[in-house]
Amino acid sequence: MRLLLSGTPIQNDLCEFYALLNVAVPGLLGEVAAFRRKYELPILRGQDADATDAEEAVGKERLAGLLELCGRFMLRRTCGIMKQYLPPKVEQVVFCRMSPLQAHLYDYFLASTPVLRALQGRAAARDKASAIAARKAAKGAGG
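Residues numbered from 1 in each chain as written. Predicted model: local features only at pLDDT ≥ 70, side-chain atom pairs only at ≥ 80, totals over all residues. Heavy atoms only, no water.

If you check an unreviewed UniProt entry, the chain appears there as DNA repair protein rhp54 from Tetrabaena socialis.

Structure (structure tokens):
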């Protein structure tokens, strides 16, 4: 008997889902290349923001087929189902002072060349966006 536990393999990565099912039920999904062609690629394409209606429909159809094929080997519990059995989520934000070593390392990190370049790039992008917005506003006011 084989028992595998996973959080969200279908939502995270279909290759991970394939690997899990292939351990639990070897051969159920065929070879990885065939699985990718039949299920993974159409499902992912159907979930793209720029997918056509037809691609979206094929993706949903393939996902439903995959879940039907694997359903008798899986016990799925969605977050909505599990919430009724779990206590409410509690978040606490606790502020802690950095140790002198942590503060030194943080300052060193902020002064590093890659971080400075990234910050300069963000500033340049922000300035460019502001300039474009100002030009559009000026055109709108003048028109």
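To continue, consider the packing of aromatic side chains. Across all of its chains, the model carries two aromatic pairs by this definition. Aromatic side chains Tyr 18 and Phe 35 sit 5.0 Å apart centroid to centroid with 40° between the ring planes, which places their arrangement in the tilted category. You can see Tyr 18 sitting in helix α2 (residues 14–24) and its partner Phe 35 sitting in helix α3 (residues 32–47), a full 17 residues away along the chain. For Tyr 18, a relative accessible area of 10% corresponds to the buried category. Ring centres of Phe 35 and Tyr 39 lie 5.7 Å apart, and the angle between their planes is 40°; this geometry places the pair in the tilted category. (Phe/Tyr/Trp six-rings, centres within 6.5 Å; stacked < 30°, edge-to-face > 60°. Helix = DSSP H or I, 4+ residues; strand = E, 2+ residues; numbered from the N terminus. Buried < 20%, exposed > 50% of the residue type's maximum accessible area, 1.4 Å probe, protein only.)

Looking now at the pattern of salt bridges. Pairing between side chains of opposite charge can happen when the charged atoms of each approach one another. The tally for this structure, following the rule as stated, stands at six salt bridges. In this structure, Glu 40 and Arg 36 form a salt bridge, with 2.6 Å as the shortest nitrogen-oxygen distance. With Glu 40 and Arg 36 both in helix α3, this residue pair falls four residues apart, about one helical turn. The salt bridge partner of Glu 55 is Arg 45, with a shortest N-O separation of 3.2 Å. With a gap of ten residues between them, Glu 55 in helix α4 (residues 53–70) and Arg 45 in helix α3 connect regions that are remote in the sequence. Take Glu 55: its relative accessible area is 26%, and that puts it in the partly exposed class. Linked through salt bridges whose partners overlap, the residues forming this network are Arg 45, Asp 48, Asp 50 and Glu 55. (Salt bridge = Lys/Arg side-chain N within 4 Å of Asp/Glu carboxyl O.)

Moving on, we come to α2. For α2, the complete set of buried residues consists of Leu 14, Phe 17, Tyr 18 and Leu 21. Burial along α2 is one-sided: seen end-on, the buried residues are contained in an arc of 100°. For α2, the N-terminal cap is Asp 13; the gap from its side-chain oxygen to the backbone nitrogen of Cys 15 is 2.9 Å. (Arc of directions from axis to C-beta. Polar contact = N/O pair within 3.5 Å; in protein donor to acceptor, adjacent residues only side chain to side chain.)

Here we take up the domain arrangement of the chain. For the chain, the domain assignment lists domain 1 (1–78) and domain 2 (97–142). Put simply, the middle of domain 1 and the middle of domain 2, counted by C-alpha atoms, are 41 Å apart. (Domains from an automatic or database assignment.)

With that out of the way, let us pick up the packing of α2 against α3. In a pair of packed helices, the angle between the axes and the distance between the axes together describe the arrangement. The contact between α2 and α3 brings their axes to 10 Å, and the two run at 140°. On the basis of the axis angle, α2 is oblique to α3. Handedness of the crossing formed by α2 with α3: right-handed. Residues Leu 14, Cys 15 and Tyr 18 of α2 pack against Val 32, Phe 35, Arg 36, Glu 40 and Ile 43 of α3. Looking at the contact of α2 with α3 residue by residue, the classes come out as six nonpolar, no polar and two charged. (Axes fitted to C-alpha atoms, helices over the stretch in contact; angles between N-to-C directions. Parallel < 35°, antiparallel > 145°, perpendicular 65-115°, else oblique. Left-handed = near helix turned anticlockwise from the far one by under 90°. Contact = heavy atoms within 4.5 Å. Nonpolar A, V, L, I, M, F, W, Y, C, P; charged D, E, K, R; others polar.)

Moving on, we get to a nonpolar patch on the surface. On the surface, a nonpolar cluster with roughly 400 Å² of combined accessible area is contributed by Ile 81, Met 82, Tyr 85 and Leu 86. Examined against the element boundaries, Met 82 turns out to sit in helix α5 (residues 79–83). (Patch = residues over 30% accessible without salt bridge, like charges linked within 9 Å, V, L, I, M, F, W, Y side chains within 5 Å. Areas by Shrake-Rupley, 256 points an atom, 1.4 Å probe, with all protein chains shown as cover.)

Attention now moves to the packing of α3 against α4. At a minimum axis separation of 7 Å, α3 and α4 run at an interaxial angle of 130°. With respect to α4, the axis of α3 lies oblique. Here the hand of the crossing between α3 and α4 comes out left-handed. Mapping the contact onto sequence places Phe 35, Arg 37, Lys 38, Tyr 39, Pro 42, Ile 43, Arg 45 and Gly 46 in α3 and Glu 55, Glu 56, Val 58, Gly 59, Arg 62, Leu 63, Gly 65, Leu 66 and Leu 69 in α4. Grouping the amino acids of the contact of α3 with α4 by side-chain chemistry returns eight nonpolar, three polar and six charged.

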